[in-house]
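Each chain is listed here by its residues.
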Amino acid sequence: MPGTVLARVRASPGRRMAGTGMLAFLGAICLWVALTQPPSAGWFVILLGGGSCALWLAWRQWQATAGDLIWTEAGLYLSDGREIAAVDAIERIERGIFAFKPVNGFLLHLRAPAVRTWVPGLWWRVGRRVGVGGVTRAAETRILADIIEATLAERS
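Anyway, here's the lowdown on the structure attached to this text. (Residues numbered from 1 in each chain as written. Predicted model: local features only at pLDDT ≥ 70, side-chain atom pairs only at ≥ 80, totals over all residues. Heavy atoms only, no water.)

**A closer look at the overall build of the protein chain**
Part 1 of the argument: Along the backbone of the protein chain there are 3 helices and 7 strands.
Part 2 of the argument: For the protein chain, the α and β elements follow one another from N to C terminus as β-α-α-β-β-β-β-β-β-α.
Part 3 of the argument: In terms of its C-alpha atoms, the protein chain occupies a principal-axis envelope of roughly 60 × 30 × 30 Å.
Part 4 of the argument: Across the 156 residues that make up the protein chain, the buried fraction comes to 40%.
Part 5 of the argument: A fraction of 58% describes how many contacts in the protein chain between residues 6 or more apart in sequence connect residues 24 or more apart.
Part 6 of the argument: Accessible area for the protein chain stands at about 8,700 Å²; split by element, carbon and sulfur atoms hold 63% of it.
Part 7 of the argument: The centroid of the 17 positive side-chain charges in the protein chain is displaced by 8 Å from the centroid of its 11 negative side-chain charges. (Helix = DSSP H or I, 4+ residues; strand = E, 2+ residues; numbered from the N terminus. Buried < 20%, exposed > 50% of the residue type's maximum accessible area, 1.4 Å probe, protein only. Contact = heavy atoms within 4.5 Å. Areas by Shrake-Rupley, 256 points an atom, 1.4 Å probe, with all protein chains shown as cover. Lys, Arg positive; Asp, Glu negative; His and termini not counted. Charge placed at Lys NZ, Arg CZ, Asp CG, Glu CD.)

So, in structure tokens, the structure goes:
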């Protein structure tokens, strides 16, 4: 990842455990009900599929939240080096109370659409929007948003 690290956001350990724990519990309950008290065939398939999906999502979220979000002079990256949004690609940042954004997070508007991606608990990208936040600490995410805002203001 190019440039100097200006800000780093980690998943809050408590939120990380609570989020993945609730998903895993939901999956386990669905599977338990499906296997111990089998309902009709349709409900059995729904409970089995829903429980399996919830367990898979819990595992996926646990893996995803092990990494960090890193802001450098070049843009926003994951700790494994994957680029989320380059500085030049960011048009504006939205942090308002009515913004469609993750919990404790913010929304980046890009100049051009990018590949749809979702990293459960940390960030997502759909079209020209990138939502950052979720199981992150509010203070760290607010600082990151302030730094991004300052960088965008400096650029324009």
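This is not the end of the story, as more comes after the structure.
**A look at the packing of helix α1 (residues 13-36) against helix α2 (residues 41-64)**
Part 1 of the argument: Close contact between α1 and α2 brings their axes to 8 Å; oriented N to C, the two are set at 160 degrees. Taken together, the axes of α1 and α2 lie roughly antiparallel to each other. Here the hand of the crossing between α1 and α2 comes out left-handed.
Part 2 of the argument: A class-by-class count of the residues in the contact of α1 with α2 yields 18 nonpolar, 6 polar and 1 charged. (Axes fitted to C-alpha atoms, helices over the stretch in contact; angles between N-to-C directions. Parallel < 35°, antiparallel > 145°, perpendicular 65-115°, else oblique. Left-handed = near helix turned anticlockwise from the far one by under 90°. Nonpolar A, V, L, I, M, F, W, Y, C, P; charged D, E, K, R; others polar.)

**A short note on the sheet that holds strand β6 (residues 106-119)**
What links the strands of a sheet is backbone hydrogen bonding, and the strands pair in either a parallel or an antiparallel sense.
Part 1 of the argument: Strand order in the open sheet formed by 3 strands is β5-β6-β7, with antiparallel pairing between adjacent strands. Across the chains shown, the open sheet's two edge strands, defined by having one partner strand only, are β5 (90-94) and β7 (123-132). Averaged over all adjacent pairs, the angle separating strand axes in this sheet is 75 degrees, with direction ignored.
Part 2 of the argument: Examined bridge by bridge, β5 and β6 share 4 bridges and lie antiparallel to one another. Looking at β6, one finds that Arg92 is bridged to His109.
Part 3 of the argument: Lying on the sheet, helix α3 (residues 138-155) is in contact with β5, β6 and β7; it crosses β5 at an angle near 140 degrees. (Pairing = 2+ DSSP bridges.)

What is shown is where atoms sit, not what they do.
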